[in-house]
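Here is how the chains run, residue by residue.
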Amino acid sequence: MGAVSLSDARRLVVKIGSALLVDKDTGALRTDWLHSLAADVATIKARGVDVVLVSSGSIALGRSVLGLGRGVLALEQAQAAAAVGQIRLARAYEEAMAPHGISTAQILVTLEDSADRRRYLNTRNTMATLLGLGVLPIVNENDTIATDEIRYGDNDRLAANMAAMVGADQLVLLSDVDGFYSGNPKDDPNATRYDVIAQITPEIEAMAGDAGSGLSKGGMKTKLMAARTATAAGCAMAITEGSVLNPLSALNKGANATWFTATQDPQTARKHWIAAMKARGSVRVDAGAVAALGRGKSLLPAGVTKVSGQFLRGDPVAVEGPDGARLGLGLIRYTSEEATAIAGHRSDEIEPILGYPGRAALIHRDDMAL
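Just so it is clear, the model here is predicted, and its values are computed rather than measured.

(A) Up close: the pattern of salt bridges. Summed over the entire model, instances satisfying the criterion amount to 12 salt bridges. With its nearest N and O atoms 3.2 Å apart, the salt bridge here joins Lys223 to Asp156. Of this pair, Lys223 sits in helix α10 (residues 220-232) while Asp156 sits in helix α8 (residues 155-166); the two residues are 67 residues apart in sequence, bridging distant segments of the chain. Asp156 shares its class with Lys223; the two are buried. Between Arg193 and Asp195 there is a salt bridge whose closest N-O contact spans 2.7 Å. Through salt bridges that share partners, Lys15, Asp156 and Lys223 make up one connected network.

Pasting the structure below:
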């Protein structure tokens, strides 16, 4: 991937830090800034681009409401603040986007949801449905229950995981700095900013510091970790200063930023990720299914003639042709018991067999590497 421009994005994830949303002195929401961001999002979506926001801010908003001051919060206080602040954060986004005719959805996740394949698939399917309906998902860490995420402030990495999950081709971290520097620009007057980083080398890693603002917990090291995750998934990532009004428009017009480039597209990267997994079982398919798969279709239960092994929903399963030759690997949407029960049956027969409505595809084409 060569030079990157926000105007080229097809599916965009934007991470918003607490310090951008919440005034550090008053604890109040920066309403003017949020409404300018909403205008940017509306402009981008009008080009047919899918947009996902990953937003901090619930703890910062909640602590103000609860009068918890500006000091370090105990874990229980942070969780309580998150619970109070999250509802206000969701309402603020809804009210900011409504004048532009944009419907919003709240998604609360943790990094564990990306690690567990079943939860990963559930979240991914929900996100895909929301984006297909034109909805703007507002994603946040589930700080009320996720202790590790509160302690380490991983919304940068969460945003990168979300970008990989939804197959985004661009991720923008709106930060309190305007890019990646050779040193901390607040302390080192000779620090220089990188416009483009094509590879995260040990030298680049050594330059990363942990300095952050009073409200944001993510330092430059977490941003580098996010860049590794995003670019490996085929997603370019930008770090840019976000406190100005209309920060995405500013980036599109050439505002200072550092772009971490990806060397492949998201779909190719995802296929490589799936292909590297170890199969937990297998499904054998008939000639008709082989032909359908060759045309880029999903694998339906009707084309399955045999199910082998013990596996759970979301596990990697080998796909075999009629002669038993391996065709590829995919993340299956049913357990081995369920797959056995519905093998050879039409999609409209799934509910009568299982007793509940299932998904039409046994393995979706996006979850398969052939």
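(B) The packing of aromatic side chains, seen in detail. In the structure shown here, the tally under the stated rule is three aromatic pairs. Ring centres of Tyr120 and Trp273 lie 5.7 Å apart, and the angle between their planes is 55°; this geometry places the pair in the tilted category. Of this pair, Tyr120 sits in helix α6 (residues 117-132) while Trp273 sits in helix α12 (residues 266-275); the two residues are 153 residues apart in sequence, bridging distant segments of the chain. Arranged with centres 6.4 Å apart and planes meeting at 75°, the rings of Phe180 and Phe260 form a pair that is edge-to-face. Highlighted residues: Phe180 in strand β6 (residues 180-181) and Phe260 in strand β10 (residues 257-260), separated in sequence by 80 residues.

Scoring rules and cut-offs
- Residues numbered from 1 in each chain as written.
- Predicted model: local features only at pLDDT ≥ 70, side-chain atom pairs only at ≥ 80, totals over all residues.
- Heavy atoms only, no water.
- Salt bridge = Lys/Arg side-chain N within 4 Å of Asp/Glu carboxyl O.
- Helix = DSSP H or I, 4+ residues; strand = E, 2+ residues; numbered from the N terminus.
- Buried < 20%, exposed > 50% of the residue type's maximum accessible area, 1.4 Å probe, protein only.
- Phe/Tyr/Trp six-rings, centres within 6.5 Å; stacked < 30°, edge-to-face > 60°.

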